[in-house]
Each structure stands twice: as structure tokens, then as C-alpha cells.
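Observations on the three-dimensional arrangement
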Amino acid sequence: MEEKKKKIFKVPHTYVILSIVILVVTICTYIMPAGEYDRVEIDGRTVVDSTSYHSVEASPVGFFELFKAIPQGYNDAASIIFFIFVVAGMFNVIMATGAIERGIGKLALATRGKEKILIPAVMAIFAAAGATFGINEEGIIFVPVGIALARAMGYDAIVGMSLVTLGASIGFSSGIMNAFTVGVAQGIAELPIFSGASLRIAVWIVMLIITAIYVTRYAKKVKADPSLSYVLELEEAEKDQKLDLDNLEKLSVRDYLILLEVVVFFGILVYGVFKYGWYLTEIFALFVIMGIGAGFIAGFGPSRIAVEFVNGAKGIVFGALVVGIARTILVVMTDGMIIDSFLHGLSGLISHLPKSVAAVGMLFVQALTNFFIPSGSGQAAATMPLMVPLADVLGLTRQTAVLAFQFGDGFTNNIIPTSSVLMGSLSVDKIPYEKWLKYIAPLMGIWLVVCAGFMVLASVINYGPF
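Report follows, based on the coordinates.

Within the protein, the secondary structure is distributed over 21 helices and four strands. Each of the three principal axes of the protein carries a C-alpha extent, and together these read 65 × 55 × 55 Å. Within the protein, residue pairs in contact and separated by at least 24 positions form 81% of the contacts whose partners lie at least 6 positions apart. Element-wise, carbon and sulfur atoms account for 66% of the exposed surface of the protein, whose accessible area totals about 20,000 Å².

Structure representation (C-alpha cells):
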């Protein structure tokens, strides 16, 4: 009987979930009134004019147009899809050398018995990176290392992904000095860039503590009883990749050279992102150079490098293709002229709420919007011109509106299937979305409650530029 219930309530396949959402928004193009805001350019940035919403002729998405939207979604997401393929392929070349595996083994041996310290320490490093130079898509390339480290400590792939992805998300979402979210939103809100950092630092600390405790508890449970892992099937399939720390090979000269190359290239990556604003194209090129270089240092010939690259790329086809399907949702809503109607309706819902309740309402408006517009800068351009005057009317500070945006845009990226970063990381990890959903859902609930608490606090103290 219990087995039947489990089958009845089983979470659908990720492609099915996204297909249902696409069908729902397609139906909405027939039901919701079509409308749009005018776009204006301010300081070189295209944003909506908050006073310009108007009805337009309905543009329902037809049967054939629906299927045409799918390749358009893939076209729009092409850069991140190919980025995922190349990162996975080149990282497989590096992993095939064995240098990363042996290096992580040495680290695991050196920290044996200190796992409670290592988990929050690693998360804090990525949280600091997210808070300063806004590591987001770039975090995908670190996920395989996190997984290898987690498995060496006796944990599973979910713990490894959490070390990198959740750590980076804490920093990205708290946005102490995140130019991609807080910087853009404050620019639109006409606030001093990175002002109000004191409260964001408090958010960073609180969220890091909460998340580290959550991940550590799960990690301890899995280490004590591996059968409790949410990805037991994956761990059993990948058991040959787990390190035998008691029979670890010594690091060779070639291993040290490869590890040095990786460290140097990651240093260049961080510098390029922070100093020159590098994004996917530059990181793509850097990773190709690093992967080929590691292969030659290890003594691989060109054909061996090509084989390892293909093996790595084909292993993440499922996750990479999800990104294009997810982008189709936005394509349908845009073609159906309902994306602006959606934003206009949500902002109207909170316009008559009490001050503190409205602050929390702003958070949930941004979280809902993030499902359809998961791009941080894109969501800022679409929503901040609406939220800023609304905050003025409600008696909330503009800094509070920015806080709602960074919370709604950032933290929910760890659960929505439309997030290219999440789906890209899961594909690299080979973790099914439904397994990750089961793991992350309780933490997401805790995060949203804490964020709501900070929104109420911001409304009470009239959070401003201090």
C-alpha cells in the first residue's frame, strides 16, 4: 500500500514539470489580458517606464507557435548550454589525469576528523566570492571539485554541490558588493552603489550559519548511513570514483604541475571576472586552454584529450538540454504579451497592503517573477522601476525595495527549474532535479521565513543608506 502511494505521489520527470509550466503559460496567453510597458534607456540601461502600462492586442500562442518557441528557447540559452558542455568536457579531461583526485585525497587525509569545520569553511569561501564579485554561473566549474571532496570525506554528491552552489548563493543573494544584482538595482533606484551594506552583512552571516548547519546535519546522516542519501542510486553507480584514502597514490611531478596550472587558471578567472567583467565567453576560452594544457602535461595525446572531452560532455546532455526548455517559458510569455501583464498584476496586489506586510509582499512578488525571469540584471530592469515608486507610495525606503529584489532573485534560484545555474550544476553532478527538490525544499522554506523577517525589520527601521 505504501509502495503504491509513493508511486502516486512521485515527483514527475524534470522535462514533464517544465512542459506542464509551458502549457500553463500558453493557456494564460488566451486568458490573461495582453499588455506592456514602454521601455526607456537610462544611463545606458534599458528599463520599463512604470507609468506606461497599457493594453495591447491579444497575441495568444497557437499550437505551431508553441513548438516554434522551443527552438527559440534553445537559441536564447545557447551560450549557457554550450558553456555547460565545454566545462563538463574539459573538466573530464582534467579529472582523467588523476591529479585532482589525488590532490583532494591528500586534503581529505589532512582534514580527517575535522569535517565539521571543513564544510562551513568551504561554504564561507564561496559565500565570500558570491558577495564580492558575484560568482554565479562561474560556480558551475567548481562543482565537480566540491563533489570529489565531499565523496572523499564520506558524503554524497548533494553535499558536494551544496558546498559550492549554496555557498555561492548565500553571497550572491545577500549581495554585499554584488554588482550584478544590488549594483544594478541600486542604480535604477537612484541609491549610492553598495550603500546599506551593514544589513546585508548581517544577512550573509545569518544565512551562512543556517545553511552550514543544514548541510552538516544532512552530511552526518549520510556518512552514518549511506542508504539515507537522496541520491543513493547515483552514489552506487559512481562508487568506483570514490577515493580509497588508505591506499592513495603519491602525487607525481606531473600531478603537481597540473594542480599548479588549475590554481593559476582559477586565479586568472577570478581576476578577470572581478577586474574586467569576464563572462561566459572568456571563461569558456580559459577552460579550453586549461583542459588541453592539463591533458598534454599528463602525457595525453590529442586523440585521448578529444575522447575524454566527449565523454564528459555527453554525460551532461540531460541537464544542458533542460536549460533550453526552461527558457521556452519566457519565450512563450513574451510572444503572448503577458509578461508585463503578470508584473503589473503582481505589483497591484501589494499596493494596498500595510507597510510591513507590503514589504514581505514585495519579496514574494520578486520570488514569483524570478521563476519567469531568472536573470538578475534582467529582473532588475523589469521590476525595479515598478517597485521603487510603489515603495515610495507605501512609505517604504527604496533600499527596502532593493532588499526584496536581491532576496527574491537570489535565494529562489536554488529551487526553480528555470534557473540555468541550478540546472547546469545538477547536470554536471548528474543529480536528478526531483532529488535535489526533496533535499532543498525544507531549507528554502527556512530561507524564505528568514528573508521575510529581514524585510519586516527593514520596514520597521526604515532601512536606508547606512
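Core analysis: the largest hydrophobic core is formed by 155 residues, its most contacted members being M362 and W436. A per-element tally of this core places helix α21 (residues 433–460) first, with 13 residues. When neighbours within four sequence positions are excluded, W436 is seen to be in contact with I158, M161, S162, L166, N414, L422, L426 and I431.

So, on to unusual backbone geometry. Within the chain, M337 stands out as a residue other than glycine whose phi angle is a positive 60 degrees. For M337, the location among the structural elements is in the loop between α15 (317–335) and α16 (339–349). Not every positive phi belongs to a glycine, and N462 is a case in point at roughly 50 degrees. Following the sequence through the fold, N462 ends up in the segment after α21. Relative accessible area serves as the criterion here: at 41%, N462 is assigned to the partly exposed category.

Another aspect to go through is a nonpolar patch on the surface. Together, V253, L257, L260, V264 and I268 line one region of the surface with nonpolar side chains, adding up to about 450 Å² of accessible area. Counting through the fold element by element, L260 comes out in helix α12 (residues 253–276). With relative accessibility at 52%, the residue L260 sits in the exposed group.

Looking now at the packing of aromatic side chains. Two aromatic rings are characterised by how far apart their centres lie and by the angle between their planes. What the rule picks out here adds up to 14 aromatic pairs. Their ring planes at 70 degrees and their centres at 5.5 Å tell us that F126 and F142 sit as a pair that is edge-to-face. You can see F126 sitting in helix α6 (residues 115–132) and its partner F142 sitting in the loop between α6 and α7 (143–152), a full 16 residues away along the chain. In terms of burial, F126 and F142 fall into one category: buried.

Here we come to the pattern of salt bridges. Inspection of the entire model under this criterion finds seven salt bridges. Residue E238 pairs with K430 through a salt bridge whose shortest N-O separation is 3.5 Å. Within this pair, whereas E238 is found in the loop between α11 (232–237) and α12, its partner K430 is found in the loop between α20 (420–429) and α21, the two being separated by 192 residues in sequence. When its relative accessible area of 41% is taken as the criterion, K430 is described as partly exposed.

A few words on the packing of helix α19 (residues 398–410) against α21. Two elements in contact, α19 and α21, have axes whose closest approach is 10 Å; the angle formed by their N-to-C orientations is 175 degrees. The angle between α19 and α21 falls in the class roughly antiparallel. For the pair formed by α19 and α21, the contact residues are T400, L403, A404 and F407 on the first element and C451, F454, M455 and A458 on the second. Of the residues assigned to the contact of α19 with α21, the class counts are seven nonpolar, one polar and no charged.

Let us look at a positive patch on the surface. Taken together, the side chains of K116, R217, K220, K221 and K438 present a region of like positive charge at the surface. In terms of residue count, the dominant contributor to the positive patch is helix α10 (residues 197–224) (three residues). Following the sequence through the fold, K221 ends up in helix α10. Judged by its relative accessible area of 34%, K221 falls in the partly exposed class.

If you trace the backbone, K438 turns up in helix α21. As for K438 and I415, which are separated by 23 residues in sequence, their C-alpha atoms are 9.9 Å apart.

What follows concerns the environment of K430. Expressed as a C-alpha distance, the spacing of K430 and G315, which sit 115 residues apart in the sequence, is 7.8 Å. Look past the residues within four positions of K430 in its chain and what remains in contact with it is L234, E238 and G315.

The largest bend in helix α18 (residues 376–394) is about 45 degrees, located at T383, with the proline P385 one to four residues further on. Burial runs high along α18: 14 of the 19 residues are buried. G395 lies just past α18 and shows a positive phi near 85 degrees.

Counting through the fold element by element, R200 comes out in helix α10. No salt bridge forms around the buried R200; measuring N to O, its nearest opposite-charge neighbour D409 is 12 Å away. Among the polar contacts listed, one links the side chain of R200 to the backbone oxygen of G196, at a separation of 3.4 Å.

Checked against the element boundaries, V145 lands in helix α7. Measuring from C-alpha to C-alpha, the distance between V145 and A320 comes to 19 Å, with 175 residues separating the pair along the chain. Residues within four places of V145 in sequence aside, it is in contact with F91 and I104.

Calculation rules
Residues numbered from 1 in each chain as written. Predicted model: local features only at pLDDT ≥ 70, side-chain atom pairs only at ≥ 80, totals over all residues. Heavy atoms only, no water. Helix = DSSP H or I, 4+ residues; strand = E, 2+ residues; numbered from the N terminus. Contact = heavy atoms within 4.5 Å. Areas by Shrake-Rupley, 256 points an atom, 1.4 Å probe, with all protein chains shown as cover. Core = buried A, V, L, I, M, F, W, Y, C linked by side-chain atoms within 4.5 Å. Buried < 20%, exposed > 50% of the residue type's maximum accessible area, 1.4 Å probe, protein only. Patch = residues over 30% accessible without salt bridge, like charges linked within 9 Å, V, L, I, M, F, W, Y side chains within 5 Å. Salt bridge = Lys/Arg side-chain N within 4 Å of Asp/Glu carboxyl O. Phe/Tyr/Trp six-rings, centres within 6.5 Å; stacked < 30°, edge-to-face > 60°. Axes fitted to C-alpha atoms, helices over the stretch in contact; angles between N-to-C directions. Parallel < 35°, antiparallel > 145°, perpendicular 65-115°, else oblique. Nonpolar A, V, L, I, M, F, W, Y, C, P; charged D, E, K, R; others polar. Lys, Arg positive; Asp, Glu negative; His and termini not counted. Charge placed at Lys NZ, Arg CZ, Asp CG, Glu CD. Bend = angle between axes of the 7 residues up to and from the residue. Polar contact = N/O pair within 3.5 Å; in protein donor to acceptor, adjacent residues only side chain to side chain.

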